[in-house]
Amino acid sequence: MNLRFLRTRWAHPLVLAVAVVVGACNSGSDDDASPPTPDAQVEIAARDISWSKTAITVEGKAIEITVKQEGELPHTFLFDQIGYQFLLEVTPPGDTDTEVIELGPGTYTFFCDVPGHRDAGMEGTLTVVAP
Ligand SMILES: [Cu+2]
């Protein structure tokens, strides 16, 4: 095993994805390492270049977010307030990505970070209401 191999391994997208999941779990209040059971679901489609919804309200805490690819371009879904600790990515054609995130009550701004997409309108708000 040499250092170059290690560097390559850590740069692998799958390793990064696992790190994101672990980070998301640690942000919860539970000491339990298993992912939280969702008490609400949000589904949103990523199109070229827009979201199917730009104002979402959901009641819950552990929110399962699913992004569906409905266009020809890759898209991402993340929150201004949370950053890259929670990141969904979809690639054409027809990809979906789902993760559970625990959010307190409030309004969160979501967007796609592919260059130019947010400016073109891929931005919206998710309002979370306590269950
Ligand atoms: Cu996009």
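None of these values were measured; they are calculated from a predicted model. (Residues numbered from 1 in each chain as written. Predicted model: local features only at pLDDT ≥ 70, side-chain atom pairs only at ≥ 80, totals over all residues.)

Asks: How should the overall build of the protein chain be read in this particular structure?
Replies: The number of helices and strands found in the protein chain is two helices and nine strands. Per-residue burial over the protein chain gives 18% buried out of 131 residues. Considering only contacts in the protein chain between residues 6 or more positions apart, those separated by 24 or more positions represent 57%. (Helix = DSSP H or I, 4+ residues; strand = E, 2+ residues; numbered from the N terminus. Buried ≥ 20, exposed ≤ 12 C-beta atoms within 10 Å, placed from the backbone. Contact = placed C-beta atoms within 7 Å.)

Asks: Please explain the sheet that holds strand E7 (residues 96-102) as it appears in this structure.
Replies: As a general point, the strands of a sheet are linked pairwise by backbone hydrogen bonds and lie either parallel or antiparallel. The strand order E2-E1-E4-E7 describes an open sheet built from four strands, whose pairing is mixed. In this open sheet, the two edge strands, each paired with only one partner strand, are strand E2 (50-51) and E7. (Pairing = 2+ DSSP bridges.)

Asks: Explain the pairing of strand E6 (residues 83-90) here, please?
Replies: Working note: regular strand, side chains alternate between the two faces of the sheet. Direction of pairing for strand E5 (residues 75-79) relative to E6: antiparallel, over a ladder of four bridges. For His75, the partnering residue across the bridge sits in E6 and is Val90. Hairpin geometry of E5 and E6 is characterised by an intervening segment of three residues between the two adjacent antiparallel strands.

Asks: So what exactly am I meant to see when it comes to the sheet that holds E6 here?
Replies: Strand order across the open sheet formed by five strands is E3-E9-E8-E5-E6, with mixed pairing between neighbours. Across the chains shown, the open sheet's two edge strands, defined by having one partner strand only, are strand E3 (55-59) and E6. Shown here is a sheet whose adjacent strand axes are inclined to one another by a mean of 25°, direction ignored. One ladder, built from six bridges, connects strand E8 (residues 106-111) with strand E9 (residues 123-129); its direction is antiparallel. Note that in E9 the partner of Phe111 across the bridge is Glu123. (Axes fitted to C-alpha atoms, helices over the stretch in contact; angles between N-to-C directions.)

Asks: Can you walk me through the environment of Val128 in this structure?
Replies: Within the secondary structure, Val128 is located in strand E9. If near-sequence neighbours (up to four positions away) are discounted, Val128 is found in contact with Val58, Ile63, Leu103, Gly104, Pro105, Gly106 and Tyr108.

Asks: Could you clarify how one ought to interpret unusual backbone geometry in this entry?
Replies: With glycine set apart, most residues show a phi of negative sign, and most peptide bonds adopt trans. For the bond from Asp48 to Ile49, the omega torsion is -5°, close enough to zero to count as cis. With respect to the helices and strands, Ile49 occurs in the loop between strand E1 (40-47) and E2. At the junction of Pro92 and Pro93, the peptide bond is cis and its omega measures out at -5° in the coordinates. With respect to the helices and strands, the residue Pro93 is situated in the loop between E6 and E7.

Asks: Can you help me understand the nonpolar core in this one?
Replies: The nonpolar side chains of soluble globular proteins are, as a tendency, buried together. Grouped together as the largest cluster of nonpolar side chains are 18 residues, with contacts concentrated most on Ala46, Ile63, Ile65, Val67, Phe77, Leu88 and Ile101. At the level of elements, E1, strand E4 (62-69), E6, E7 and E9 are the ones that each hand at least two residues to this core. (Core = buried A, V, L, I, M, F, W, Y, C linked by C-beta atoms within 7 Å.)

Asks: Before we go on, may I ask you to explain the confidence of the model for the protein chain in this structure?
Replies: Fine structural detail should not be taken from predicted coordinates in areas where pLDDT scores are low. Per-residue confidence for the protein chain averages 83 on the pLDDT scale, and 75% of its residues sit at or above 70. Every residue in residues 1-30 is under pLDDT 50, and counting partners more than four places away or in other chains gives 17 contacts. (pLDDT = per-residue confidence, 0-100.)

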